[in-house]
Amino acid sequence: MADPITSIVQSGLFCYRSGEKFEKGHVGRGPVVVGQFVNALKSACKLDGKLGQGAQAAMGVLTKAAGNDKLLEGAGKVAGFAAKNVNPLICVSSGIDVLMSDDPEATLVKNGIALGAMFGAEHLMKKHMADIPKIRGVDKIAKSVIKFSETHAHAKGLPAVLHGAAFVAGSCLAYGAGEKFGKLLLGERGKRETANRKQ
């Protein structure tokens, strides 16, 4: 099970990224933002100390409010569903982009390759992330970070933060690389699809 701090960093950064996409017109990302925010809040509830207590109090208030209002109760169920189904909702969002595109076939190719690269990279990172600090050259940096976190009380969560940030960076880089590869395959159609999205 992932460290709560790692999960907060991952969900928080992914939530921010999805929020940016939503603002740029990717309407299907709305539920994804909700799901990732809820996951970050749930992870924060697992922390010790004031931050964990604050997250638990916030969750308690939301749960109580939802129980007293049918509309909020329904919204809470939607948020819970979104939190458990982030990846499927990302695929749905991609499908919405295809339907709204001026060139659906080009968008389908580009998004399909990008998502395939992203999910593939995430699968590999989940399996091998623990091995990365053992790589020659990286091992010295990893040891320095661990030593620093062990000797400075305020930095004890640093390895978990870096772990979460590295996972998000790897996921985003894989998506971007897949998207670029898709555009290369499409040639001029890929360029037109990108130009139309920016308008």
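Below: a short report on this structure.

Cut-offs used in this document
Each chain carries its own residue numbering, running from 1 in the written order of its sequence. Whole-chain, interface and lining totals are the exception, using all residues; otherwise, since this is a predicted model, local features are given only for residues with pLDDT of at least 70 and side-chain atom pairs are given and counted only at 80 or more. Only heavy atoms go into the side-chain values, all of them from the structure, while hydrogens and water stay out. Like-charged residues are merged into a patch within 9 Å and nonpolar side chains (Val, Leu, Ile, Met, Phe, Trp, Tyr) within 5 Å, provided each residue has over 30% relative accessible area and no salt bridge. Methods summary: accessible areas were calculated by the Shrake-Rupley approach with a probe of 1.4 Å, and residue burial reflects only the protein chains presented. Salt bridges are identified by distance alone: a Lys or Arg side-chain nitrogen within 4 Å of an Asp or Glu carboxyl oxygen. Helix and strand assignments come from DSSP, with helices taken as H or I runs of at least 4 residues and strands as E runs of at least 2, each series counted from the N terminus. Residue exposure (1.4 Å probe, protein chains only): buried if accessible area is under 20% of the type maximum, exposed if over 50%, otherwise partly exposed. Interaxial angles span 0 to 180 degrees and are taken between N-to-C directions of axes, which are lines fitted to C-alpha atoms, for helices over the stretch in contact. These descriptions rest on fixed angle ranges, namely under 35 degrees for roughly parallel, over 145 for roughly antiparallel, 65 to 115 for roughly perpendicular, and the rest for oblique. Note: crossing handedness is left-handed where the near helix turns anticlockwise from the far helix by less than a right angle, and right-handed where it turns clockwise. Contacts are assigned to residue pairs that have any heavy atoms within 4.5 Å of one another. Under the convention adopted here, Pro, Cys and the residues Ala, Val, Leu, Ile, Met, Phe, Trp and Tyr are nonpolar, Asp, Glu, Lys and Arg are charged, and Gly plus all remaining residues are polar. Note on terminology: a nonpolar core comprises buried Ala, Val, Leu, Ile, Met, Phe, Trp, Tyr and Cys residues joined through side-chain atoms within 4.5 Å.

Attention now moves to a nonpolar patch on the surface. Together, Phe22, Val27, Leu99 and Met100 line one region of the surface with nonpolar side chains, adding up to about 440 Å² of accessible area. In this structure, Phe22 sits in helix α1 (residues 4–23). The exposure class assigned to Phe22 is partly exposed, which follows from its relative accessible area of 41%.

On to the packing of helix α5 (residues 86–100) against helix α6 (residues 104–128). The interhelical angle for the contact between α5 and α6, taken along N-to-C directions, is 160°, at an axis separation of 9 Å. The orientation of α5 relative to α6 falls into the category roughly antiparallel. Where α5 crosses over α6, the two elements pack in a sense that is right-handed. Packed against α5, whose contacting residues are Asn87, Ile90, Cys91, Ser94, Asp97 and Val98, the element α6 presents Pro104, Thr107, Leu108, Asn111, Leu115, Met118, Phe119 and Glu122 at the interface. A class-by-class count of the residues in the contact of α5 with α6 yields 8 nonpolar, 4 polar and 2 charged.

Moving on to the nonpolar core. Counting residues in hydrophobic clusters, the biggest one holds 9 residues: Val32, Ala82, Val86, Leu89, Ile90, Ala114, Leu115, Met118 and Tyr175. Every element with two or more residues in this core is listed here: α5 and α6. Excluding residues within four positions of it along the chain, Ala114 makes contact with Ala174, Tyr175, Gly178 and Glu179. Counting 5 residues, the second-largest nonpolar core is a separate cluster that includes Phe14, Met125, Met129 and Phe167.

Their axes nearest at 7 Å, the elements α1 and helix α8 (residues 158–186) cross at an angle of 35°. For α1 against α8, the interelement crossing comes out right-handed. Between α1 and α8, the contacting residues are Ile5, Thr6, Val9, Gln10, Leu13, Phe14, Arg17 and Lys21 on the first element and Ala160, Val161, His163, Gly164, Ala165, Phe167, Val168, Ser171, Cys172 and Tyr175 on the second. Tallied by class, the residues present in the contact of α1 with α8 amount to 11 nonpolar, 5 polar and 2 charged.

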